[in-house]
Amino acid sequence: QVQLVESGGGLVQAGGSLRLSCAASETVFGFTAMGWYRQAPGKQRELVALINSGDSTTYADSVKGRFTISRDNAKNTVYAQMNSLKPEDTAVYYCMVRTIFRSYWGQGTQVTVSS
C-alpha cells in the first residue's frame, strides 16, 4: 500500500519558518491533487493548501502570502513552506494525496508556534 511519510514539524517561535515534507512510498498513479490539511484542538479539519496536477494552487485565506505549497513528482513528495508563523497556526498537519481512485493520508505531524 502507499504510505505517506511526513517530516518537518516541530516547535517554532512566532515569526519563524518551517518546511513540511510528505513523501509517498511509491509513485502514485492517477494523481489529481496533493495538499495539506490541519486540525487544531477543538476545531474541525481545514484545508491549508492544495496543488493540483496542473500545478495550480489553492490556499486558505488565513495562510495566503505566508505558506507555499510545491511538489517534486520525481521524488513523489509534496512540501509546505510555512513562513511568518503565528500561534494560530498551531495544529496537527496532515498530508493528503488525491488520485482518481482514492485519497491517501499521512499520520499527521504536530506544528506548535509559540508566542
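Residues numbered from 1 in each chain as written. Predicted model: local features only at pLDDT ≥ 70, side-chain atom pairs only at ≥ 80, totals over all residues. Heavy atoms only, no water.

*Asks:* Report on the environment of Arg-38, specifying residues and quantitative values.
*Replies:* Assignment of secondary structure puts Arg-38 in strand β4 (residues 31-39). Residue classification places Arg-38 among the buried residues on the basis of a relative accessible area of 5%. Along the backbone, Arg-38 and Val-92 are 54 residues apart, and their C-alpha atoms lie at a distance of 5.4 Å. In this view, Arg-38 contacts Gln-44, Arg-45, Glu-46, Val-48, Ser-62, Val-63, Phe-67, Glu-88, Asp-89, Ala-91, Val-92 and Tyr-93; residues no more than four positions away in its chain are not counted. Among the polar contacts made by the side chain of Arg-38, one reaches the side chain of Glu-46 at a distance of 2.7 Å. Side chain to side chain, Arg-38 and Ser-62 meet in a polar contact 3.3 Å long. (Helix = DSSP H or I, 4+ residues; strand = E, 2+ residues; numbered from the N terminus. Buried < 20%, exposed > 50% of the residue type's maximum accessible area, 1.4 Å probe, protein only. Contact = heavy atoms within 4.5 Å. Polar contact = N/O pair within 3.5 Å; in protein donor to acceptor, adjacent residues only side chain to side chain.)

*Asks:* For the nonpolar core, give the residues involved together with the corresponding values.
*Replies:* Judged by nonpolar contacts, the single largest core of 30 residues is most densely connected at Leu-4, Trp-36, Val-78, Met-82 and Tyr-93. Of all the secondary-structure elements, those providing two or more residues to this core are β3 (18-24), β4, β5 (46-52), β7 (67-72), β8 (77-82), β9 (91-99) and β11 (109-114). Look past the residues within four positions of Leu-4 in its chain and what remains in contact with it is Cys-22, Ala-23, Ala-24, Cys-95, Met-96, Val-97, Tyr-104, Trp-105 and Gly-106. (Core = buried A, V, L, I, M, F, W, Y, C linked by side-chain atoms within 4.5 Å.)

*Asks:* Describe in detail the pairing of β11, supporting the description with residues and values.
*Replies:* Burial along β11 is one-sided: Thr-109, Val-111 and Val-113 are buried, and none of Gln-110, Thr-112 and Ser-114, which face the opposite way, are. Pairing geometry for strand β2 (residues 10-13) and β11, over 4 bridges, is parallel. Counted as the bridge partner of Leu-11 is Thr-112 from β11. (Pairing = 2+ DSSP bridges.)

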